[in-house]
Amino acid sequence: MKLLTTDKKNNVLDSMMRLLDENRESIIEANKKDLNLFQKEDQAMFDRLIVTNTKIDGMIQSIRDVKSQEDPVNRPISTRILDNGLEITNKTAPFGTIMIIYESRPDVTIEAAVLAFKASNKILLKGGKEALHSNTILTQLWHKALEENGLPKDYIQLMTLNRQETQEFLKNPTEKLDLIVPRGGERLINFVKEHANCAVLVSGRGNNFLYVDATADWEKSIKVIMNAKTDKISACNALDKILVNQKIDNYEQKLTELYNLLSYKGVETWVDQTVGKTLTSAKPITDESIWKEEFLAMKCCLAAVDSLTEAVSKINEHSGGHSATIMTNDKGSAMRFMEEVDCAAVYQNASTRFTDGGQMGVGAELAISTDKLHHRGPLGLEQLVTNKYYVFGDGQIRE
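Given the structure is predicted, the values throughout are model-derived calculations rather than measurements. (Residues numbered from 1 in each chain as written. Predicted model: local features only at pLDDT ≥ 70, side-chain atom pairs only at ≥ 80, totals over all residues. Heavy atoms only, no water.)

**Student:** Could you give an account of the environment of I368, naming the residues involved and the relevant values?
**Tutor:** Examined against the element boundaries, I368 turns out to sit in strand β14 (residues 368-369). You can call I368 buried: its relative accessible area is 3%. (Helix = DSSP H or I, 4+ residues; strand = E, 2+ residues; numbered from the N terminus. Buried < 20%, exposed > 50% of the residue type's maximum accessible area, 1.4 Å probe, protein only.)

What follows is the structure, given as structure tokens:
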């Protein structure tokens, strides 16, 4: 894989874009089989499973974007010559083999594979059983694109293991694994971390917070809240928790307006004891563990705070470390919030829905990492490499 030229890799991507376009009908038919078998008790997962022509357009665009990006492999990071004459160059290098475990989203089969391949990594795709037919045809198209360019199929592999088989593979892989990315809920992440014997990069869990400061522009706050909460409930960057400073002008009136708007949009709102004094018809929070939940549903929590300090403390205690927003006109408060909140992405006066590789200018993404090593936030092409030191000498020995 390391010997493949950038042109060779890009030729595979050209083939894959053409094959996706030519096989739209077959892809959608395969997806219909998955949809017909799916039990619709999980609406968010069902929404992520659907493939349309627009989704296929998005897959093609993801490949086009990655093709246009510079090859991230073998790029120099730093070069220095030591006093002893050793020349040391640090360069980017492939991870090797990456395994991604994901649920429901067939488009990940495209985005994850194209990123791994362009970064000269081999990838093992472990999709959920609910997307088996969709993932199978997409992987078959990848294999055809590889074969058209004289390459073996094993650069991109689809794994169809059940839970027990996956557990055994994680403990005793049949080939060397360098990185595993579980992309999904907390249950999946904990399962992988428990059983894996290589590096695990955590992604996918949201539970995002928005804090309305006393100086916030209320109209902007409403607009941002409604977008972050209702635009796409199945996304990990959707909003789940709202904190409102009690010192904001017309506090009770604004709470009532927000609650009514959320209810009108079909959002079920749970409130803390303080907010419940104003919103007497809202559902009271009786179990504090709700603050740690990622809903992926038309549901949110609304609470009152006395200060920015209290808001930051609550967010850091309960959030998933993904995204958090402050609505404020005070730049000093915004910077303090953004510096002190422990999340991969922090915002002033903007929706959490922007935590996305495409929206942030990264391009296609493997996942949104909430880990601090080796990268945090959207994992794009440039983040799918590690590094290697090249040391050139002339007989030097260490004394």
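Back to the write-up after that little detour.
**Student:** Residue-level account of the packing of helix α4 (residues 53-68) against helix α5 (residues 107-118), with values.
**Tutor:** The interhelical angle for the contact between α4 and α5, taken along N-to-C directions, is 10 degrees, at an axis separation of 9 Å. One finds that α4 runs roughly parallel with respect to α5. Residues M59, S62, I63, V66 and K67 of α4 pack against D107, I110, E111, V114, L115 and K118 of α5. Split into classes, the residues belonging to the contact of α4 with α5 amount to six nonpolar, one polar and four charged. (Axes fitted to C-alpha atoms, helices over the stretch in contact; angles between N-to-C directions. Parallel < 35°, antiparallel > 145°, perpendicular 65-115°, else oblique. Contact = heavy atoms within 4.5 Å. Nonpolar A, V, L, I, M, F, W, Y, C, P; charged D, E, K, R; others polar.)

**Student:** Pulling in residues and values, what's your account of the sheet that holds strand β5 (residues 156-158)?
**Tutor:** Spatially, four strands are ordered β5-β4-β3-β6 in an open sheet, and the strand pairing comes out parallel. Looking at the sheet topology across the chains shown, the edges are occupied by β5 and β6 (179-183). Neighbour to neighbour, the strand axes of the sheet diverge by 15 degrees on average, direction disregarded. Where strand β3 (residues 97-102) and strand β4 (residues 122-126) come together, five bridges link them in parallel fashion. Within the sheet, the bridge partner assigned to T97 lies in β4 and is K122. In the packing of helix α7 (residues 163-171) onto the sheet, contacts are made with β3, β4 and β6, and the angle to β3 comes to roughly 155 degrees. (Pairing = 2+ DSSP bridges.)

**Student:** Kindly report on the pattern of salt bridges, identifying the contributing residues and their values.
**Tutor:** What the rule picks out here adds up to 18 salt bridges. A salt bridge links K67 to D14; its shortest N-O distance comes to 2.9 Å. Linking K67 in helix α4 with D14 in helix α1 (residues 6-22), this pair joins segments that are 53 residues apart in sequence. You can call K67 partly exposed: its relative accessible area is 29%. Across the pair E268 and K283 runs a salt bridge whose closest N-O atoms are separated by 2.6 Å. (Salt bridge = Lys/Arg side-chain N within 4 Å of Asp/Glu carboxyl O.)

**Student:** Describe the packing of α5 against helix α6 (residues 132-148), listing the residues and the values that go with them.
**Tutor:** Viewed as axis vectors pointing N to C, α5 and α6 meet at an angle of 30 degrees, and their least axial separation amounts to 10 Å. The orientation of α5 relative to α6 falls into the category roughly parallel. The hand of the α5/α6 crossing is right-handed. Each of T109, I110, A113, V114 and F117 in α5 lies in contact with α6, whose residues at this interface are N135, L138, T139, W142 and L146. Residue classes in the contact of α5 with α6 are distributed as seven nonpolar, three polar and no charged. (Left-handed = near helix turned anticlockwise from the far one by under 90°.)

**Student:** Report on α5, specifying residues and quantitative values.
**Tutor:** Along its 12 residues, α5 runs 17 Å from first to last C-alpha, staying within 8% of the 16 Å computed at 1.5 Å per residue. Counting buried positions over the 12 residues of α5 gives 12, a clear majority of the element. Turning to α5, its buried residues are D107, V108, T109, I110, E111, A112, A113, V114, L115, A116, F117 and K118. Following α5 by one or two positions, S120 has its phi on the positive side, about 65 degrees. (Expected span 1.5 Å × (residues − 1).)

**Student:** Run through the sheet that holds strand β2 (residues 87-94), naming residues and quoting values.
**Tutor:** Ordered by their spatial adjacency, three strands build an open sheet running β1-β2-β16, and the pairing between neighbours is antiparallel. Only two strands of the sheet have a single neighbouring strand rather than two, namely β1 (76-81) and β16 (385-392). Within the sheet, the average angular offset between the axes of one strand and its neighbour, ignoring direction, is 20 degrees.

**Student:** How would you explain the pairing of strand β13 (residues 345-348) if you had to name every residue and give the values?
**Tutor:** Of the two faces of β13, the one lined by A345 and Y347 is fully buried and the one lined by V346 and Q348 carries no buried residue. Relative to β13, strand β12 (residues 323-327) runs parallel, the two being bridged by four bridges. Bridging across to β13, A324 finds its partner in V346. For the crossover from β12 across helix α13 (residues 331-340) to β13, the handedness is right-handed. (Right-handed = clockwise from strand over helix to strand, strands pointing away.)

**Student:** I'd like a rundown of the UniProt feature "domain: Aldehyde dehydrogenase" (unreviewed entry) in the chain, residues and numbers included.
**Tutor:** Taken from the UniProt record, the annotation "domain: Aldehyde dehydrogenase" (unreviewed entry) applies to residues 3-260 and 286-356. For residues 286-356, the end-to-end C-alpha separation is 33 Å, with 30% helix and 23% strand making up the annotated structure. (UniProt positions renumbered as here; feature names shortened; annotations may be inferred.)

**Student:** Would you mind going over the domain arrangement of the chain in detail, with residue names and values included?
**Tutor:** You can read the domains of the chain as domain 1 (6-202 + 373-392) and domain 2 (208-360). Between the C-alpha centres of domain 1 and domain 2 the distance comes to 33 Å. Taken together, the contact between domain 1 and domain 2 spans six residues of the former and eight residues of the latter. Applying the counting rule to domain 1 against domain 2 returns one salt bridge. Of the charged contacts in the structure, one is a salt bridge between R376 and D342, with a shortest N-O distance of 2.6 Å. For the pair domain 1 and domain 2, the interface holds two residue pairs in polar contact (both at pLDDT 80 or more). Where the side of domain 1 that touches domain 2 is concerned, the elements lending two or more residues are α3 (43-49) and β15 (377-378). Looking at the side of domain 1 that touches domain 2, the element that brings in the most residues is α3, giving three residues. (Domains from an automatic or database assignment. Polar contact = N/O pair within 3.5 Å; in protein donor to acceptor, adjacent residues only side chain to side chain.)

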